[in-house]
Amino acid sequence: DPQHRLFLECCWEALEDAAYDPSSYKGLIGVFGGANVSSYLHTLMMRPELVSSLNGLVNDHQVAISTDRDSLTTSVSYKLNLRGPSYAVQTFCSTSLVAAHLACQSLRQGECDLALAGGVSVRVPSVSGHLYQDGGMESPDGHVRTFDAQARGSLFGDGVGVVVLKRLADALADGDQIAAVIKGSAINNDGSLKVSYTAPSVAGQAEVVRAAFAQAGVDAESISYVEAHGTATALGDPIEVAALTKAYREQTDSVGYCAIGSVKTNVGHLDRAAGVSGLIKTVLALRHEEVPPSLHYRSPNPEIDFARSPFYVNAQLAPWQRGERPRRAGINSLGMGGTNVHLIVEEAPEAGGTSASRPWQLLLLSAKTETALQAMTSNLRVYLQQHEESDLADVAYTLHVGRQRM
């Protein structure tokens, strides 16, 4: 399944970005993630000539290993020799943010020292359409207008995302590059007090936000941005804002101070990868000190009472500058069936200065093939040209100790 291959590739890339070589790292690395149902396998089953070529092994273990969601994370652990906890997470649309929540719990409990968390959703065939149904989940024109009066649904996209998590004290002690800090997180389920199995719940969503505040030890007025689930549906958007408002109103009466948006307006609904895409967007916004616009917003959904809520839709690129209080954001992810998760993210502590180093550095590159080595050399050259602020000593150190020897 392409989902398995792409998830594996992203896990490798994420570890390289964090500058940790799993073949030499002394600690335990865990893997938490989930995938969509394998439409790749379904497509194969519809082609008799391919089924017959399997020589009757349709139910063989190899088919399950290559396509079943249970093997998504354990295959990564096997191929990269990761010995921490490894298990698949499946909660529909909230899957990848639930994976991040569970990874945090595992780190706190000492089950692992590094954790990969994320999700993937890739449909086969990759080019297809959908039949619009009034009041349904999918948009009639392919645009996602979260919180807008013209919102008619989302559009399902393909995507994969993985983050590397580590206990903050350890990351500071090891001099890691820290992108952001997860202050706390919470998870729950709506139960049956709602219209249907697929319907959202104000009470359930509000409770998970309250629990995240308590777990993180922060107050609502310290949150300046919320990355919403933002399905752009007639039912979903008003309920999500009502739930957020209910949770915030327990701590503040302030109006219109907190920006709200959704990455779904940029990339569509990435299903099992939706939550981690919102997390990555928010972390990048903190790093670059800018809040990206929530696209296609013109006028508010009349069912949403923004005027009396703490929130306003961020429709234009806006500065997110550091102040006296740390910048913080809430990330909301809601799964069909009612599993809700909320994360509180805070800006990274300011990094210390790099110590003096010699003027010349040895840049060590290692690859399995000549072609790969050439590509790696070209990529490094382009990166250094585009990032002249990079400290060459740091680059050299990462290449020496943070890359696998081929």
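Whatever comes next refers back to the structure up there.
These numbers were taken from a predicted model, which means no experiment stands behind them.

Enquirer: For this particular structure, what's the right way to read the sheet that holds strand β3 (residues 114-121)?
Expert: Across a sheet, paired strands are connected by hydrogen bonds in the backbone, their directions being either parallel or antiparallel. What the 4 strands build is an open sheet, ordered β2-β1-β3-β4; its pairing is mixed. Either end of the sheet is taken by a strand with one partner, and the two such strands are β2 (86-88) and β4 (159-165). Within this sheet the neighbouring strands show an average axis-to-axis angle of 10°, counted without direction. Taken together, the 3 bridges between strand β1 (residues 29-35) and β2 define a ladder with parallel strand orientation. Counted as the bridge partner of valine 31 is serine 86 from β2. Contacting β1, β3 and β4, helix α1 (residues 2-17) crosses the sheet at an angle of about 35° to β4.

Enquirer: Quick question: what am I supposed to make of the nonpolar core here?
Expert: As a rule of thumb, soluble globular proteins bury nonpolar side chains together. Among the nonpolar cores identified, the biggest contains 31 residues, and Ala115, Ala117, Leu165, Leu279, Trp320, Leu343 and Val345 are the most heavily contacted of them. A total of 7 residues in this core trace back to one element, the largest contributor, which is helix α6 (residues 95-108). Valine 345 has contacts with Ala180, Val181, Ile182, Leu279, Val283, Leu286, Arg327, Arg328, Ala329 and Ile331, leaving out every residue within four places of it along the chain.

Enquirer: How should helix α8 (residues 202-216) be read in this particular structure?
Expert: Taking 1.5 Å per residue, 15 residues should reach 21 Å; α8 reaches 21 Å between its end C-alpha atoms and fits that length. Turning to α8, its buried residues are Gly204, Gln205, Ala206, Val208, Val209, Ala212, Phe213 and Ala216. The inward-facing, buried residues of α8 contact β5 (180-189), β6 (223-227), α9 (236-248), β11 (328-334) and β12 (339-347). At the N-terminal boundary of α8, the capping side chain belongs to serine 201, with an oxygen 3.4 Å from the backbone nitrogen of alanine 203. Just downstream of α8 lies glycine 217, where phi reads positive at about 70°.

Enquirer: I would appreciate a short explanation of the sheet that holds β5 in the present structure.
Expert: The 6 strands are arranged β5-β12-β11-β6-β7-β9 in an open sheet whose pairing can be described as mixed. Each having just a single partner strand, β5 and β9 (311-313) make up the two edges of the open sheet. Between one strand and the next, the sheet's axes are offset by a mean angle of 25°, whatever the strand orientation. In the sheet, β5 pairs with β12 via 9 bridges, with the strands oriented antiparallel. In the sheet register, glycine 184 faces β12, and the bridge partner there is isoleucine 344. Contacts from α9 reach β6, β7 (258-261), β9, β11 and β12 within the one sheet, and its direction differs from that of β9 by about 145°.

What counts as what
- Residues numbered from 1 in each chain as written.
- Predicted model: local features only at pLDDT ≥ 70, side-chain atom pairs only at ≥ 80, totals over all residues.
- Heavy atoms only, no water.
- Pairing = 2+ DSSP bridges.
- Helix = DSSP H or I, 4+ residues; strand = E, 2+ residues; numbered from the N terminus.
- Axes fitted to C-alpha atoms, helices over the stretch in contact; angles between N-to-C directions.
- Contact = heavy atoms within 4.5 Å.
- Core = buried A, V, L, I, M, F, W, Y, C linked by side-chain atoms within 4.5 Å.
- Buried < 20%, exposed > 50% of the residue type's maximum accessible area, 1.4 Å probe, protein only.
- Expected span 1.5 Å × (residues − 1).
- Polar contact = N/O pair within 3.5 Å; in protein donor to acceptor, adjacent residues only side chain to side chain.

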